[in-house]
Amino acid sequence: MISQLLEILVALILAPLLMGWINAWRAWLQNKSAPSLLQPYRTLHKLFHKESVVAETAMPLFRIAPYLVFGCMALACGIVPTLSTDLPMAPAADAIALVGVFALARVFSALAAMDIGTSFGTMGARREMMIGFLAEPALLMVLFTASLITRSTSLASIVHTLASQKFVIYPSLLFSGAAFLLVLLAENARVPVDNPTTHLELTMIHEALILEYSGRHLALIEWAVALKLFAYTCIGAALFFPWGLAQANAPEALLLALPVLVVKLAAAGVVLAMIETVNAKMRIFRVPEFLATAFLLAVIALLVHVLLGA
Amino acid sequence: MHLLLSQSINLFAAMLLIVVFAMISQRRILRVIHLFTVQGATLVASTIVVGYLTGQHHLYYSAAVTLIVKVILIPVLLHRVIDRLNVRWDVETLINIPTTMLIGIVLVVFAFNLALPIAKLSLSIARGTLGIALACFLLSFMMMISRAKAVPQVIGFLSMENSLFFAAAAATNGMPMIVELGIAFDVLAGILILGVFMFQIREQFDSLDIRHLEKLKED
């Protein structure tokens, strides 16, 4: 129980910091002076204190969506084993349900964007759904490969099995790792697919979705975006670098798992910033190709597992 | 240690497969050459590991030959060719990469099924990877078919040879030394001749697009 509460709390606190860390590294790699690591917290603080303006034509759905999205992401962070594999919430939702939770959040943010009826919102929603429907099968395939290796679809027991056995090289996990990286970039609106800092009207995907939000609604969505990135990074860390998690509900093991998690996240942040720096944003019509590659890698991972048994 | 090394053969095999897929989807000629170099290096590493595990020292020599010919000599030659032809930064217009990729998956499944009964007969340490070697072979073949420009086609040919080499190492712990030496020099000579061909094609048609070769005479 402690581990579950601590895990959600850590996710809520660390997620904006991860965002700030990545932004800082991006700035450093581009020879700019970096914003403070705490900048995302300040943005959230500012937005929470601002008045929230809602369009006249908005339906209640528009007001509910930020809370739903935030709730979905917080739930996802609770399911993914970040600190411990001994999670009371883990049996409630396996890896497939986790993908469903992400899909639920996506559907609601797309509906809310279309609700206002501006052309940008609709365009963003359509693009977001296109990326989503291409990325989801790839993500599922990645999770299936891990499930086949460990004979379980529950993330907690996958991680438990992977971490507690003797070190084995899985070529199939190499493929699914590559696929997962592509999915992560696409799902979190990172550079080759979407530029998270752009407000250039024709190229934006994610920003177009949340264009109409302001004040506390926007703050919740920004926080949810950070949580999503956090959740994805933690899924990656859990599947491909499963070491250092607490196996039992012991406080001292949790204390040890926290620094390990921070180190993993810091490394992942630097890698993400580097990928975003060396790549250029691609045209939207290249995105299906990008995600087809991810799907292909994930399918090959399955095949390699079947052939080599590893 | 021994166990980890024998698992690393599978890892190298998987990397070969990734590299071939990357080659198929890569538009830039320069990147394709880089990928070919990586493929050669992976091949060298896996040959050394197989040689170490089976105690067959002639595999070290064949790894050395591979290193010299496929990782150093041929990439240098290719770089010089694309410099001379001035196609270093060329981008090939590939149509329909997702479809090619899907066909690629079908090829991989086919190769895996084909290799299963053969691999059961083999006693070699890396027999599981025979399916991957066959898949790489078929994919390189597809790369030769799907590309229109001469340089990527040549690289497809070379990558096919690499896969055959890997298949030999996987199925029978390597071919006799004399055969390997012969193949290595054949490939080298092939590259030189193909290089001359590329210049000739360029002279004739002002382009490396081999579709021009299908026309018999000027209209």
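1. A word on the overall build of chain A
Scanning chain A for helices and strands turns up 11 helices and 0 strands. Taking 2.2 N^0.38 as the reference for a compact globule, 310 residues should give roughly 19 Å; the C-alpha atoms of chain A span a radius of gyration of 19 Å, in line with that estimate. The principal-axis extent of the C-alpha atoms belonging to chain A is close to 60 × 45 × 45 Å. Sorting the 310 residues of chain A into buried and exposed places 55% on the buried side. Considering only contacts within chain A whose residues lie at least 6 apart along the sequence, 81% involve residues at least 24 apart. Carbon together with sulfur atoms contributes 70% to the accessible area of chain A, which is approximately 13,000 Å² in total. Taken together, the 18 basic and 17 acidic charged side chains of chain A have centroids lying 6 Å from each other.

2. A look at the overall build of chain B
Along the backbone of chain B there are 7 helices and 0 strands. The secondary structure elements of chain B, listed N-terminal to C-terminal, are α-α-α-α-α-α-α. Taking 17 Å as the expected radius of gyration for a compact globule of 219 residues, we find that chain B reaches 18 Å, a close match to that expectation. With the principal axes as the frame, chain B shows a C-alpha extent of 60 × 35 × 30 Å.

3. Here's the deal with a nonpolar patch on the surface
Residue and element names in this part refer to chain B. On the surface, a cluster of nonpolar side chains totalling about 410 Å² of accessible area is made up of L67, I68, I72, L73 and V76. Residue position: I72 is located in helix 3 (residues 58–85). I72 sits in the partly exposed class, given a relative accessible area of 43%.

4. Some thoughts on unusual backbone geometry
Residues and elements named next belong to chain A. One non-glycine residue, N31, lies in positive phi territory at about 60 degrees. Note that N31 resides in the loop between helix 1 (2–29) and helix 2 (39–48). Not every positive phi belongs to a glycine, and R151 is a case in point at roughly 60 degrees.

5. Quick notes on the interface of chain B and chain A
With 24 residues of chain B in contact, the opposing surface of chain A contributes 19 residues. With both chains or domains summed, chain B and chain A bury close to 1,900 Å², and 83% of this area falls on carbon and sulfur atoms. Among the residues of chain B in contact with chain A, I18(B), I105(B) and F112(B) are the three that bury the most area, contributing 23% of the side total. Inspection of the region where chain B meets chain A yields 1 salt bridge. Measuring nitrogen to oxygen at the nearest pair gives 3.1 Å for the salt bridge that ties R27(B) to E289(A). Across the contact surface, chain B and chain A share 2 residue pairs in polar contact (both at pLDDT 80 or more).

6. Considering the nonpolar core
Core analysis: the largest hydrophobic core is formed by 153 residues, its most contacted members being F230(A), L239(A), L17(B), I74(B), I132(B), L139(B) and I155(B). Ranked by the residues each element gives to this core, the list is headed by helix 9 (residues 215–240) of chain A, at 16 residues. When neighbours within four sequence positions are excluded, L239(A) is seen to be in contact with V142(A), L143(A), A146(A), L155(A), I158(A), L162(A) and L173(A). Formed by 7 residues, the second largest nonpolar core is a distinct cluster that contains L5(B), F12(B), V49(B) and L59(B).

7. Comments concerning the pattern of salt bridges
Residue and element names in this part refer to chain A. Summed over all chains, the structure comprises 7 salt bridges over all chains. Residue E276 is joined to R190 by a salt bridge in which the shortest nitrogen-to-oxygen separation is 2.9 Å. Here R190 lies in the loop between helix 7 (171–187) and helix 8 (206–209) and E276 lies in helix 10 (residues 251–278), a separation of 86 residues in the sequence. Here E276 falls in the buried class, since its relative accessible area comes to 3%. In this structure R190 comes out as buried when scored by relative accessible area, which is 2%. Among the charged side chains, a salt-bridge network with shared partners connects R106, E136, E187 and K228.

8. Overview of the packing of helix 11 (residues 287–308) of chain A against helix 4 (residues 97–121) of chain B
At their nearest, the axes of helix 11 of chain A and helix 4 of chain B sit 9 Å apart, and the two run at 5 degrees to each other. Taken together, helix 11 of chain A and helix 4 of chain B sit at an angle that is classed as roughly parallel. When helix 11 of chain A is examined against helix 4 of chain B, the residues E289(A), A292(A), T293(A), L296(A), V299(A), L303(A), V304(A) and L307(A) are found in contact with a partner set consisting of I97(B), P98(B), M101(B), I105(B), V108(B), V109(B), F112(B) and L116(B). Split by residue class, the contact of helix 11 of chain A with helix 4 of chain B holds 14 nonpolar, 1 polar and 1 charged.

9. Section: the packing of aromatic side chains
All names here are of chain A. If you walk through the whole model with that rule in mind, you get 8 aromatic pairs over all chains. Between W21 and W25, the aromatic rings sit 5.9 Å apart at their centres with planes inclined by 70 degrees, giving edge-to-face as the arrangement. Of this pair, W21 and W25 both sit in helix 1, 4 residues apart, which is roughly one turn of the helix. With relative accessibility at 23%, the residue W21 sits in the partly exposed group. Judged by its relative accessible area of 24%, W25 falls in the partly exposed class. Between F62 and Y213, the aromatic rings sit 4.3 Å apart at their centres with planes inclined by 5 degrees, giving stacked as the arrangement. Of the two residues, F62 is situated in helix 3 (residues 60–79) and Y213 in the loop between helix 8 and helix 9; the sequence distance between them amounts to 151 residues. For the pair shown, F62 and Y213 are each scored as buried.

10. A short note on the confidence of the model for chain B
Residues and elements named next belong to chain B. Averaged over all residues, the pLDDT of chain B equals 83, while 94% of them reach at least 70. Model confidence for chain B, summarised as mean pLDDT per element, is weakest for helix 7 (residues 177–205) at 80 and strongest for helix 2 (residues 29–54) at 90. Among the scores for the predicted complex, ipTM is 0.75 and pTM is 0.86.

Calculation criteria
- Residues numbered from 1 in each chain as written.
- Chains lettered and ligands numbered in written order.
- Predicted model: local features only at pLDDT ≥ 70, side-chain atom pairs only at ≥ 80, totals over all residues.
- Heavy atoms only, no water.
- Helix = DSSP H or I, 4+ residues; strand = E, 2+ residues; numbered from the N terminus.
- Rg over C-alpha atoms; globule rule 2.2 N^0.38 Å.
- Buried < 20%, exposed > 50% of the residue type's maximum accessible area, 1.4 Å probe, protein only.
- Contact = heavy atoms within 4.5 Å.
- Areas by Shrake-Rupley, 256 points an atom, 1.4 Å probe, with all protein chains shown as cover.
- Lys, Arg positive; Asp, Glu negative; His and termini not counted.
- Charge placed at Lys NZ, Arg CZ, Asp CG, Glu CD.
- Patch = residues over 30% accessible without salt bridge, like charges linked within 9 Å, V, L, I, M, F, W, Y side chains within 5 Å.
- Salt bridge = Lys/Arg side-chain N within 4 Å of Asp/Glu carboxyl O.
- Buried area = accessible area lost by both parts, 1.4 Å probe.
- Polar contact = N/O pair within 3.5 Å; in protein donor to acceptor, adjacent residues only side chain to side chain.
- Core = buried A, V, L, I, M, F, W, Y, C linked by side-chain atoms within 4.5 Å.
- Axes fitted to C-alpha atoms, helices over the stretch in contact; angles between N-to-C directions.
- Parallel < 35°, antiparallel > 145°, perpendicular 65-115°, else oblique.
- Nonpolar A, V, L, I, M, F, W, Y, C, P; charged D, E, K, R; others polar.
- Phe/Tyr/Trp six-rings, centres within 6.5 Å; stacked < 30°, edge-to-face > 60°.
- pLDDT = per-residue confidence, 0-100.

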